[in-house]
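Working through the structure, step by step
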Amino acid sequence: MWRPSVLTIFPEVFPGPLGASLAGKALAAGTWSLAVTDIRSFATDKHRTVDDTPAGGGPGMVMKADVLGRAIDAVAQDERPRLLLSPRGAPLTQNRVENLAASAGVVLVCGRFEGVDERVIAGRGLEEVSVGDYVLSGGEIAAMALIDACVRLLPGVMGAAASSTEESFAGGLLEYPQYTRPQLWEGWPIPEVLL
C-alpha cells in the first residue's frame, strides 16, 4: 500500500478531490492510504501558534522550526522521502512522480506564509519540490497534485494498463491530439488518418 502523509495547518481540506474519481476509488479500495496531521497540534501555547515574524525583518510570517520539527518527528519515522512543497523547489517531473509512486510513499510538508524556517528544512532533510513557477497560498493544493499524479500510477488504479504508458510525458514527449465521436462536429471532421 502506498502511504502519503501530509502535514498541514488546514487538515480539513483533505482528501478533497483525492476522495473522488480514480484516486477516491483506490483510496476506498485500500490501494493507498492518506494520513493527515495538523501541524497546530504540535504548538505549545494556548493560541496554537505555528508562525512568527521573519528574523531580520521583512513582511509576512515564517513557519516556526520548533513546532514544525516536532510535527515532522511524529510522522516521519521511516525512510519515505520528506518533501516540502515550495515554489523555490526543484520542478516536479513525471520521472520524479514515477519514482515516488514506486516507493512506499512520501511525507509532504505543506508550507504557508513567507515560507518555512530554513533550519527545519536542513535539520529534517526536507527536499523542496515545486509544482510550477508561481506562488500558491500554501502547499495543500500542490500536495494534492503530487499525490494524484502518483496514485494514478499505482497498479490497478487506471482501467487499462497502457493508459499510463501512452500519455503525455511518456518517453519524454507530449501526447498527440485526441478525437472521438461524432465523426463531424460543427464542421470539424476527425482527421482522415484516424479513420
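Below is a summary of the structure that appears in this document. (Residues numbered from 1 in each chain as written. Predicted model: local features only at pLDDT ≥ 70, side-chain atom pairs only at ≥ 80, totals over all residues. Heavy atoms only, no water.)

**Some points on the nonpolar core**
In terms of nonpolar packing, the biggest core is built from 26 residues, with W2, W32, L108, L146, I147 and V151 touching the most fellow members. Mapped onto this core, the elements with two or more residues apiece are α1 (21–29), β5 (82–91), α3 (94–101), β6 (105–110) and α5 (140–151). Among the elements that take part in this core, α5 stands out by supplying eight residues, more than any other. Sequence-distant contacts of V151, that is, excluding residues within four places in its chain, are made with W2, A23, A26, W32 and V157. One finds M63, A71, I72 and V75 within the second-largest nonpolar core, a separate group that totals 20 residues. (Core = buried A, V, L, I, M, F, W, Y, C linked by side-chain atoms within 4.5 Å. Buried < 20%, exposed > 50% of the residue type's maximum accessible area, 1.4 Å probe, protein only. Helix = DSSP H or I, 4+ residues; strand = E, 2+ residues; numbered from the N terminus. Contact = heavy atoms within 4.5 Å.)

**Re α1**
Listed as buried for α1 are A23, G24 and A26. Looking straight down α1, one finds its buried side chains confined to an arc of 165°; they lie on one side. Opposite the buried face of α1, at more than 90 degrees from it, the exposed residues are S21, K25, A28 and A29. Where α1 terminates, the next one or two residues include G30, which has phi positive at roughly 85°. (Arc of directions from axis to C-beta.)

**Quick look at the sheet that holds β6**
An order of β2-β1-β6-β5-β7 is seen for the five strands of this open sheet, with the pairing classed as parallel. With one partner strand each, in any of the chains shown, β2 (35–38) and β7 (127–130) form the two edges of the open sheet. Along the sheet, successive strands turn relative to each other by an average axial angle of 35°, direction set aside. With four bridges joining them, strand β1 (residues 3–8) and β2 adopt parallel strand pairing. Residue pairing across strands places V6 opposite V36, the latter belonging to β2. Each of β1, β2, β5 and β6 is contacted by helix α2 (residues 65–75), which is oriented at about 160° to β1, the strand it contacts most. (Pairing = 2+ DSSP bridges. Axes fitted to C-alpha atoms, helices over the stretch in contact; angles between N-to-C directions.)

**Observations regarding the layout of surface pockets**
Taken as a whole, the largest pocket encloses approximately 610 Å³ of empty space. Broken down by secondary-structure element, the contributors of at least two residues to the lining of the largest pocket are β4 (62–63), β5, α4 (118–123) and β7. The dominant element in the lining of the largest pocket, judged by the number of residues it contributes, is β5, at five residues. Partitioned by chemical class, the residues of the lining of the largest pocket number 16 nonpolar, nine polar and nine charged. (1 Å grid on protein atoms, 1.4 Å probe; cavity = no way out; pocket = protein on both sides within 12 Å on 5 of 7 lines; lining within 4 Å. Points joined across faces, edges and corners; volume = space filled by probe spheres on them. Nonpolar A, V, L, I, M, F, W, Y, C, P; charged D, E, K, R; others polar.)

**Some remarks on a nonpolar patch on the surface**
Together, Y134, L136 and I141 line one region of the surface with nonpolar side chains, adding up to about 300 Å² of accessible area. Mapped onto the elements of the fold, I141 is located in helix α5. For I141, a relative accessible area of 59% gives the class exposed. (Patch = residues over 30% accessible without salt bridge, like charges linked within 9 Å, V, L, I, M, F, W, Y side chains within 5 Å. Areas by Shrake-Rupley, 256 points an atom, 1.4 Å probe, with all protein chains shown as cover. Salt bridge = Lys/Arg side-chain N within 4 Å of Asp/Glu carboxyl O.)

**Topic: the side chain of E128**
Position of E128 among the secondary structure elements: in strand β7. Note on E128: relative accessible area 16%, which makes it buried. Looking at E128, its side chain comes within polar contact range of the side chain of S86, at 2.9 Å. Setting aside residues no more than four positions away along its own chain, E128 makes contact with L84, S86, R88, G89, A90 and I121. (Polar contact = N/O pair within 3.5 Å; in protein donor to acceptor, adjacent residues only side chain to side chain.)

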